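# Observations on the three-dimensional arrangement
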Amino acid sequence: MELHIKTHESKKSGTASTSSPKRDFPCIPILLSILQNEYEQEKVRADRIDTKAIGLLTIIVVLITVYVPIFPFSDVAKIYLHTKKCAAIPVVFSLFLLMGIIATILALYSAYKVIEVYKTKSYQSVNILKFNTNEQMGATQSDRFQLQLIDHYQSLIFENSKINTNKAEILNDQFRNVMIFLCYFHCLRLAL
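Report follows, based on the coordinates.

### Re a nonpolar patch on the surface
Taken together, the side chains of Val91, Leu95, Leu98 and Ile102 present a nonpolar region at the surface, about 380 Å² in accessible area. Relative to the assigned elements, Leu95 resides in helix H3 (residues 88–118). Residue Leu95 is classed as partly exposed on the basis of its relative accessible area, which comes to 48%.

### Quick look at the nonpolar core
Core analysis: the largest hydrophobic core is formed by 17 residues, its most contacted members being Leu56, Ile60, Val114, Leu171, Phe181 and Phe185. Every element with two or more residues in this core is listed here: helix H1 (28–70), H3 and helix H6 (142–191). Setting aside its immediate chain neighbours within four residues, Ile60 contacts Ala107, Ser110, Ala111, Val114 and Val178. Grouped together as the second largest cluster of nonpolar side chains are 12 residues, Tyr39, Phe131, Leu147 and Leu156 included.

### A short note on H3
Its 31 residues place the ends of H3 45 Å apart at the C-alpha level, agreeing with the 45 Å of an ideal helix rising 1.5 Å per residue. Residues of H3 that are buried include every one of Pro90, Phe93, Gly100, Ala103, Ala107, Ser110, Ala111, Val114 and Val117, and no others.

The rules behind the values
Residues numbered from 1 in each chain as written. Predicted model: local features only at pLDDT ≥ 70, side-chain atom pairs only at ≥ 80, totals over all residues. Heavy atoms only, no water. Patch = residues over 30% accessible without salt bridge, like charges linked within 9 Å, V, L, I, M, F, W, Y side chains within 5 Å. Areas by Shrake-Rupley, 256 points an atom, 1.4 Å probe, with all protein chains shown as cover. Salt bridge = Lys/Arg side-chain N within 4 Å of Asp/Glu carboxyl O. Helix = DSSP H or I, 4+ residues; strand = E, 2+ residues; numbered from the N terminus. Buried < 20%, exposed > 50% of the residue type's maximum accessible area, 1.4 Å probe, protein only. Core = buried A, V, L, I, M, F, W, Y, C linked by side-chain atoms within 4.5 Å. Contact = heavy atoms within 4.5 Å. Expected span 1.5 Å × (residues − 1).

Next up, the structure:
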């Protein structure tokens, strides 16, 4: 949704208009207010994503803290020593143990990625200095100023939307990883 509005300034030679300038685009203020609202919505979206990232990170930390110490690592040696009659038990147990290590690494990786999501990104904000100049404030036509604001807000919305979409995709992937981690450790705990 890229908007480019071109204004045509009619310059009449030798005549000066004393009346107020005619607005070529009367809907510019409406579009500007819509874009300002969309910009605010992207900020709200970023806050929601950050809140979800903190919640997911909390869940990951709790899962690691609860599930890893529950496993009877002291009994691991006993399983290998006392199963001389059946060679399949140590092999199966080794596979479960390997899957547990992989699940723990997956949980740590997910925690790292969630922290990456929560880290401060270069979120674009309104460049007040660009618009707070004597030239901008003294313009005789507000349309030109509003059109510049529209272009500025539009570019901000697109950039911030890309950042938020990327963060949301990473967060969704890590949520899936946490569910895998949780299911695996729960099943492994039941098996042991």
